[in-house]
Every structure is written in structure tokens, then in C-alpha cells.
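The residues making up each chain are set out below.
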Amino acid sequence: LSDPSSALRLWACRAIRFAMDSAAKDRGDAAFKARDFSGAIRHYTDAISQDSSQAKLFSNRSAAYLAVRDYIKALDDAERAIELDGSFAKAHGRKGDALLQLQRPSDALDAFREALRLDPGNANYRTKRDAAQQRQREDQMASWSSFSSFCMSRREAVLQFAVRLFIVYKAIMFLLPFSGRAASAMAYRSMLFAVAGNLLLVLKNEVGLPQFNTAYLQRFMTNIAAQYLFFVLIMYTSRRPYSFALGVLLPAEIAHIFWFGSQLLRRASPSVLRLVQGQVDKVLPLVLKYHSSIPEAVVHYSTLAEVVLGIIILVEVLTPNRNFVVIMFYWQYLQFRYMIDQSGGVQRAFGLVDAKLLSIVNHQRCPGFVRSAYMFIRSTMAKAAERPQPGQAPQPGGLGSMASSIASRCTIS
């Protein structure tokens, strides 16, 4: 810039750009006054493309978007104007106008209050603030009425929601035992008892009340809630709690809590719902990193925890904590789950765990007897999980034979 000619050229360029900005803004103002709002949006956009640092341009275009009822773009422009100049009262007022039209009276009220703080003598902002307050009160009354009627029409679902909250609370108390081992064990058993009660409610709705016939038994045994009920009963009879049982039971319960909780918040407090959804949206990509949907992720993590827990229980044979009754019933349960699995989730979980264990036992530092023991267990489990061929009678004994019988009747291709 020491060269006078360069400085002169720079000054000239800035002067030309300022003149162009002013001309585009003036054309936008004229179009707005003539109620040509689409034309005003076009001219303000031209002015912004030449200089995007002017809060007034975004505020004016926000007013034009409000006039054509494009409230989302009006809100975006108002917020952009506030970012550029937080003391610009008109931008806050237009943000309030957009929020009010978007059915967000609480947020609109905050915007109008800020506009009135910056421009205390503006009677228009005072009127709009009062209108936003009235809308907020009306919405709160309507929300409470909608919330009450929603809860009354879904009493059983509300009961299940409360039970699921209790389950999660007891799981937290189990993981964080503030009162010692006895209180932790009591929290674990209370959680299992609540899960069992909730599963019985699900079964009543999905399968119906008990009937003494083969068709009902087949519906009952193939229902996932019934299968998890067997899981809970096995865990309840074990002498000690298993942390991995939480990995089996909690994913589905937490997913239901978020789903039904969002239904309640939508009626009770939409603003809180938006806040919660904003936080959930930050975590959701991590949950769905390897899955296309929440149900798929829940099935994957739950079944994976089931299989890992089975391995843990099997390894306990070598420890003083071994319980042969739990081992027998749990692996009968897993065999049943594997054979009756229609979604393929249990089989994929077994495949993932098997691949990991094979990489461990085939490592050069792994003792040979460990490798031989695992390969023996692997081949035994594979034979036990084989489905009967057409016309072949299932092998007798336990849940596995029942699964074979049911699997042989199912027409799943």
C-alpha cells in the first residue's frame, strides 16, 4: 500500500462496491415498499452477495421472508443479523415474529423481551411481547389438556414407562452401590423383578392370556418377550448378579423410554423436547455408526451381550463361583434362541464372538489345551444347534428340543 496508485485503486474498488451494495439495497427497499416481496428478497440477496457483513441487509430480507410466509428462512436471516449486531433491536423483533409463526411462543417471548430491552420506547414490541405471553399461556393449557388426555387414553403404556424408569434407576443403583454389596444385590434383583413384570405386560398384549393349546404355545415361545422372560428367570436363580445382564436388558428399555418419553414431552413441553432432541442428535451418530436404525442397534448389542454372558458363565466352571444349574439352563436358552432366531441377530452375534475367540485361541502364545478345549466346545455347540432335516424327529431334551420342534414347523425360507 506504499504505492499511491495501488492505494487509489483499492479505494476506488471499495467505493464502487459500496455504491453497488447501496444500489441493490435501495432497490430492495423500493420493492418492499411496493409490496413486491419476492423482488425485495432478490435485491437484498444481491446486496448480501456483495457484502455479507451488514446486519441490516439480513434483517430486511428477514422482513421480506416474513411477508411471503417463509418463516424458517426469516428466522435464519434474523439470527444471522443478531450474530452480526447483537444490539440491533429490529433483528430481535423479526426473530420473535418468525418464532411466533413457527408455533414457538416461549422462544418468541424471549426475542421480544430482548428487542424491548434494546428499544424500550417501542410500543409495537410491547404489544407483541404481550401477545407472545398470551399464546404461551394458551399453549401451556392446551399442552396440559393434551398431555392429560394422552395419558388417560394410554394408561398401560404410561405404567410400562414408569416401570422402565424404575428398571433404569435400579440398574444405576446396582452399578453404583452406595450402600454396599447387599444393597447392590437387592437393586439387581429388584431390577430383574421389574423387567419380568414388564415382559408379562408385553406378552399379555402381544400373545394374549394363557391358553392350553399348541398354537398358543408356539406363539408364546417364538415371542421375543417370552424368550427374555426365560433369560430373566435364569438370572434371578443365579447366586450372584451379572453386569452383562444389563447389556441384554437395558438397550430395549432405554429405547422405549426415549420413544414414549418424546411422546409425552411433545404434549407437555415441546420446548424441552427440542432441547432433549438436540442432545440426542449429538449422540445418535455414535449409536448408529454401524447400524441403519435404532431397533437394529438394540438387537445387535443385546444379542451380543447374551452371547458374551454365555461365555462368561461357561468360563466360571474353572472358578469357585461356578453354578452348573445356571450353566445348563443358560446354554439351553442360548441354543433355543439360536435355533428359533428368524432375524439372524443371534446367529450374527455368535459369529462375531466366535471370530474373536478364534483369533485368540489361534494366537501363537495361546496354550494348546485352551485351543483344543474351545474347538471341542465349538463343535459340540454347533451340533446341538443344528436344525432337524425335513421328516427328522428332533432330539429330546430341554428347550433345544422344543426349539427344534418349533423350527421344524415354521415355514421360514
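Scroll up to find the structure.
Residues numbered from 1 in each chain as written. Predicted model: local features only at pLDDT ≥ 70, side-chain atom pairs only at ≥ 80, totals over all residues. Heavy atoms only, no water.

### So, the nonpolar core
Nonpolar side chains in soluble globular proteins tend to be buried together.
So, point 1. If you look at the biggest cluster of nonpolar residues, it comprises 43 residues, and the most contacted ones within it are Tyr188, Met191, Phe231, Val232, Met235, Ile313 and Tyr330.
So, point 2. Going through the elements one at a time, helix 8 (155-175), helix 9 (181-206), helix 11 (224-237), helix 12 (244-268), helix 14 (294-315), helix 15 (324-340) and helix 16 (345-361) are the ones with two or more residues in this core.
So, point 3. Core analysis: the second largest hydrophobic core is formed by 18 residues, Ile41, Tyr44, Ala74 and Leu109 among them. (Core = buried A, V, L, I, M, F, W, Y, C linked by side-chain atoms within 4.5 Å. Buried < 20%, exposed > 50% of the residue type's maximum accessible area, 1.4 Å probe, protein only. Helix = DSSP H or I, 4+ residues; strand = E, 2+ residues; numbered from the N terminus.)

### Side note on the packing of aromatic side chains
Pairs of aromatic rings are described using the distance from one ring centre to the other and the angle between the two planes.
So, point 1. This model, assessed by the stated rule, comprises eleven aromatic pairs.
So, point 2. Relative to phenylalanine 260, the ring of tryptophan 259 has its centre 6.2 Å away and its plane inclined at 45 degrees; by these criteria the two rings are tilted.
So, point 3. Here phenylalanine 260 falls in the buried class, since its relative accessible area comes to 5%.
So, point 4. Taken together, a centroid distance of 5.6 Å and an interplanar angle of 45 degrees make the contact between tyrosine 330 and tyrosine 333 tilted. With a gap of three residues between them, tyrosine 330 and tyrosine 333 both fall in helix 15, about one helical turn apart. (Phe/Tyr/Trp six-rings, centres within 6.5 Å; stacked < 30°, edge-to-face > 60°.)

### Digging into helix 6 (residues 105-118)
So, point 1. Given a rise of 1.5 Å per residue, 14 residues ought to cover 20 Å, and the 20 Å separating the end C-alpha atoms of helix 6 matches this to within 8%.
So, point 2. Every buried residue of helix 6 is accounted for by Pro105, Ala108, Leu109, Ala111, Phe112, Ala115 and Leu116. Along the axis of helix 6, the buried positions cluster into a sector of 165 degrees, meaning they face one direction only. (Expected span 1.5 Å × (residues − 1). Arc of directions from axis to C-beta.)

### Structural notes on the packing of helix 2 (residues 37-50) against helix 3 (residues 55-67)
So, point 1. In contact at an axis separation of 9 Å, helix 2 and helix 3 are set at 155 degrees when each is read in the N-to-C sense. Looking at the two axes, helix 2 sits roughly antiparallel to helix 3. The handedness of the crossing between helix 2 and helix 3 is left-handed. Across the interface between the two elements, Phe37, Ala40, Ile41, Tyr44, Thr45, Ala47 and Ile48 from helix 2 touch Leu57, Phe58, Asn60, Arg61, Ala64, Tyr65 and Ala67 from helix 3.
So, point 2. Tallied by class, residues from the contact of helix 2 with helix 3 come to eleven nonpolar, two polar and one charged. (Axes fitted to C-alpha atoms, helices over the stretch in contact; angles between N-to-C directions. Parallel < 35°, antiparallel > 145°, perpendicular 65-115°, else oblique. Left-handed = near helix turned anticlockwise from the far one by under 90°. Contact = heavy atoms within 4.5 Å. Nonpolar A, V, L, I, M, F, W, Y, C, P; charged D, E, K, R; others polar.)

### Considering unusual backbone geometry
So, point 1. Positive phi, normally seen in glycine, also occurs at arginine 35, with a value near 65 degrees.
So, point 2. With respect to the helices and strands, the residue arginine 35 is situated in the loop between helix 1 (4-33) and helix 2.
So, point 3. Positioned with a positive phi, arginine 69 is a non-glycine residue whose angle comes to about 65 degrees.
So, point 4. Following the sequence through the fold, arginine 69 ends up in the loop between helix 3 and helix 4 (71-84).

Function cannot be inferred from these measures alone, as they are strictly geometric.
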